[in-house]
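# Commentary on secondary and tertiary structure
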Amino acid sequence: MESTRIDRWLWAVRLTKTRADAAAACRGGHVRVNDRPAKPATTVVPGDEVRARIGTTTRVVEVVEVIQKRVGAAVAATCLIDRTPKPPPEAAIPVARRERGAGRPTKRERRVLDEFRRQQGSEAP
């Protein structure tokens, strides 16, 4: 097989859970093939770069092998090269947070929070 539809390929290599999800992502403008918006019927061939926003993550993959049927995860991993950039490191700055529904802080908790804010450089009112 030399080429296949992008929605079928996304489903076959397990980037989406269902083919309908892949087609919806294409129709919603979340999939690009070689930096062009892709419709579900857009064909992909080996060497194409596919950018797909799956959930909150944008996956950048290169098509190595075109498959049309869903295969096991180990085989699917050989059909693409993942070029997704690593996510930026999360902020190392601690943030003062309270449990949701914990109510107002006690006098002791307020003192701890105030001390924490003073150490961070911002004065509490």
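Quick caveat, the model's predicted, so the values are computed rather than measured.

Quick look at the overall build of the protein chain now. For the protein chain, the helix and strand inventory stands at four helices and seven strands. Listed N to C, the secondary structure of the protein chain is β-α-α-β-β-β-β-β-α-β-α in terms of helices and strands. For the protein chain, whose C-alpha radius of gyration is 23 Å, the value lies well above the compact-globule estimate of 14 Å for 125 residues. Principal-axis analysis of the C-alpha atoms gives the protein chain an extent of 70 × 30 × 25 Å. Across the 125 residues that make up the protein chain, the buried fraction comes to 25%. A fraction of 43% describes how many contacts in the protein chain between residues 6 or more apart in sequence connect residues 24 or more apart. Of the accessible surface of the protein chain, which amounts to about 9,100 Å², a share of 51% is contributed by carbon and sulfur atoms. Between the averaged position of the 26 positive side-chain charges in the protein chain and that of its 15 negative side-chain charges there is a distance of 6 Å.

Going through the model one piece at a time under the given rule, you end up with zero disulfides. Cysteine cysteine 26 is unpaired, with the sulfur of cysteine 79 as its nearest cysteine sulfur at 18 Å. Residue classification places cysteine 79 among the buried positions, given a relative accessible area of 1%.

With 14 residues, helix H4 (residues 107-120) should reach 20 Å at 1.5 Å per residue; the first-to-last C-alpha distance of 20 Å fits that figure. Residue glycine 121 follows H4 closely and has a positive phi angle near 105°.

We now examine the sheet that holds strand E6 (residues 57-63). What the five strands build is an open sheet, ordered E3-E2-E5-E6-E7; its pairing is antiparallel. The outermost strands of the open sheet, each flanked by one partner alone, are strand E3 (36-37) and strand E7 (80-82). Taken together, the three bridges between E6 and E7 define a ladder with antiparallel strand orientation. Counted as the bridge partner of glutamate 62 is isoleucine 81 from E7.

The next thing to look at is the UniProt feature "domain: RNA-binding S4" (unreviewed entry) in the protein chain. Within this structure's numbering, the places UniProt gives as "domain: RNA-binding S4" (unreviewed entry) are residues 4-68. Helix makes up 25% of residues 4-68 and strand makes up 34%, while its end C-alpha atoms are separated by 7 Å.

Once that is clear, we can look at the pairing of E6. As judged from the six bridges shared by strand E5 (residues 49-54) and E6, these two strands associate in the antiparallel manner. Each bridged residue has a counterpart across the sheet, and for alanine 52 the counterpart in E6 is arginine 59. Taken together, E5 and the strand that follows it, E6, pair antiparallel across an intervening segment of two residues, in which glycine 55 is found at a positive phi of about 65°.

What follows is about the side chain of aspartate 7. Tracing the chain through its elements places aspartate 7 in helix H1 (residues 6-12). Here aspartate 7 falls in the buried class, since its relative accessible area comes to 3%. Excluding its chain neighbours within four sequence positions, the residues that come into contact with aspartate 7 are Arg19, Ala22, Ala23 and Pro40.

About the cut-offs
- Residues numbered from 1 in each chain as written.
- Predicted model: local features only at pLDDT ≥ 70, side-chain atom pairs only at ≥ 80, totals over all residues.
- Heavy atoms only, no water.
- Helix = DSSP H or I, 4+ residues; strand = E, 2+ residues; numbered from the N terminus.
- Rg over C-alpha atoms; globule rule 2.2 N^0.38 Å.
- Buried < 20%, exposed > 50% of the residue type's maximum accessible area, 1.4 Å probe, protein only.
- Contact = heavy atoms within 4.5 Å.
- Areas by Shrake-Rupley, 256 points an atom, 1.4 Å probe, with all protein chains shown as cover.
- Lys, Arg positive; Asp, Glu negative; His and termini not counted.
- Charge placed at Lys NZ, Arg CZ, Asp CG, Glu CD.
- Disulfide = S-S within 2.5 Å.
- Expected span 1.5 Å × (residues − 1).
- Pairing = 2+ DSSP bridges.
- UniProt positions renumbered as here; feature names shortened; annotations may be inferred.

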